[in-house]
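Structural features, examined
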Amino acid sequence: MIRPLYNWVLRQAETPYALWTLAVVSFIESSMFPIPPDVLMIPMIIAAPHRAWLIAAVCTASSVMGGALGYYIGHELFDSVGRPVLEFYHKDGAFDALAGSYNDQGFWAVLIAGVTPFPYKVITIFSGVTGLNFALFMATSILARGLRFFIIAALLYRFGEPIRDFIDRRLGLVATVSVVLLIGGFAIVKYAI
């Protein structure tokens, strides 16, 4: 099942709509979609290494815009649904204390989630819920997502063929590691927050 999907993605990298597909995936991944854009970005760069910087730029810009949507979702849903529930249970003071401590460390939370396999969408929504300074959130998102996607692009640009050979030979292992990292990110969120 993975091999045909992988081959399909590689073929998409050479279509005229590949960048649009990547932009949509990057945008929705930052606020609600569980699959990271790397799944599409990596084969696109492997198939067209001369476009690595453009692909990374599209992925970064779309991801940051999607992060702004995640922030908005967190802010709006919390005000209309979350706050009344907390008030009903007399826990709004406890949440305000948590929000304050999160916002004190918000730069690091956004940076770490933006660069690592930790689900970035969780931090985008939580940043909106806690009212993290939006300018700080956006600046940190640009830095973090830019670092992540441009480092991947640079590595693939420089070592593309050996990496492609590795993925071709060990696609099952690569897919398994990717899923484990994704599930691990969700587990960290569940038990750490």
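Model, not experiment: these values are computed from the prediction.

Re the overall build of the protein chain
What the protein chain contains, in helices and strands, is nine helices and zero strands. Element order for the protein chain, N to C, with α for helix and β for strand: α-α-α-α-α-α-α-α-α. By residue count, 40% of the 193 residues in the protein chain fall in the buried class. Within the protein chain, counting contacts between residues at least 6 apart in sequence, those at least 24 apart form 78% of the total. When the accessible area of the protein chain is evaluated, it comes to approximately 10500 Å², of which 73% is carbon and sulfur surface.

Some details on the environment of Gly 67
Structurally, Gly 67 is set in helix α4 (residues 52-88). Along the primary structure Gly 67 and Ile 125 are separated by 58 residues, whereas in three dimensions their C-alpha atoms are 8.0 Å apart.

Description of a nonpolar patch on the surface
A grouping of Val 115, Leu 143, Leu 147, Ile 151, Leu 155 and Phe 159 is seen on the molecular surface, where their side chains present a nonpolar patch of about 490 Å² in accessible area. With five residues, helix α8 (residues 134-169) is the largest single contributor of residues to the nonpolar patch. Within the secondary structure layout, Leu 155 lies in helix α8. Note on Leu 155: relative accessible area 43%, which makes it partly exposed.

Quick look at the packing of aromatic side chains
Scanning the model with the defined rule gives five aromatic pairs in all. Residues Tyr 71 and Phe 137 carry aromatic rings whose centres are separated by 5.2 Å and whose planes lie at 40° to one another, so their mutual orientation is tilted. Within this pair, whereas Tyr 71 is found in helix α4, its partner Phe 137 is found in helix α8, the two being separated by 66 residues in sequence. Here the aromatic cluster, defined as three or more aromatic residues joined through ring pairs, consists of Trp 53, Phe 150 and Tyr 157.

About the criteria used
Residues numbered from 1 in each chain as written. Predicted model: local features only at pLDDT ≥ 70, side-chain atom pairs only at ≥ 80, totals over all residues. Heavy atoms only, no water. Helix = DSSP H or I, 4+ residues; strand = E, 2+ residues; numbered from the N terminus. Buried < 20%, exposed > 50% of the residue type's maximum accessible area, 1.4 Å probe, protein only. Contact = heavy atoms within 4.5 Å. Areas by Shrake-Rupley, 256 points an atom, 1.4 Å probe, with all protein chains shown as cover. Patch = residues over 30% accessible without salt bridge, like charges linked within 9 Å, V, L, I, M, F, W, Y side chains within 5 Å. Salt bridge = Lys/Arg side-chain N within 4 Å of Asp/Glu carboxyl O. Phe/Tyr/Trp six-rings, centres within 6.5 Å; stacked < 30°, edge-to-face > 60°.

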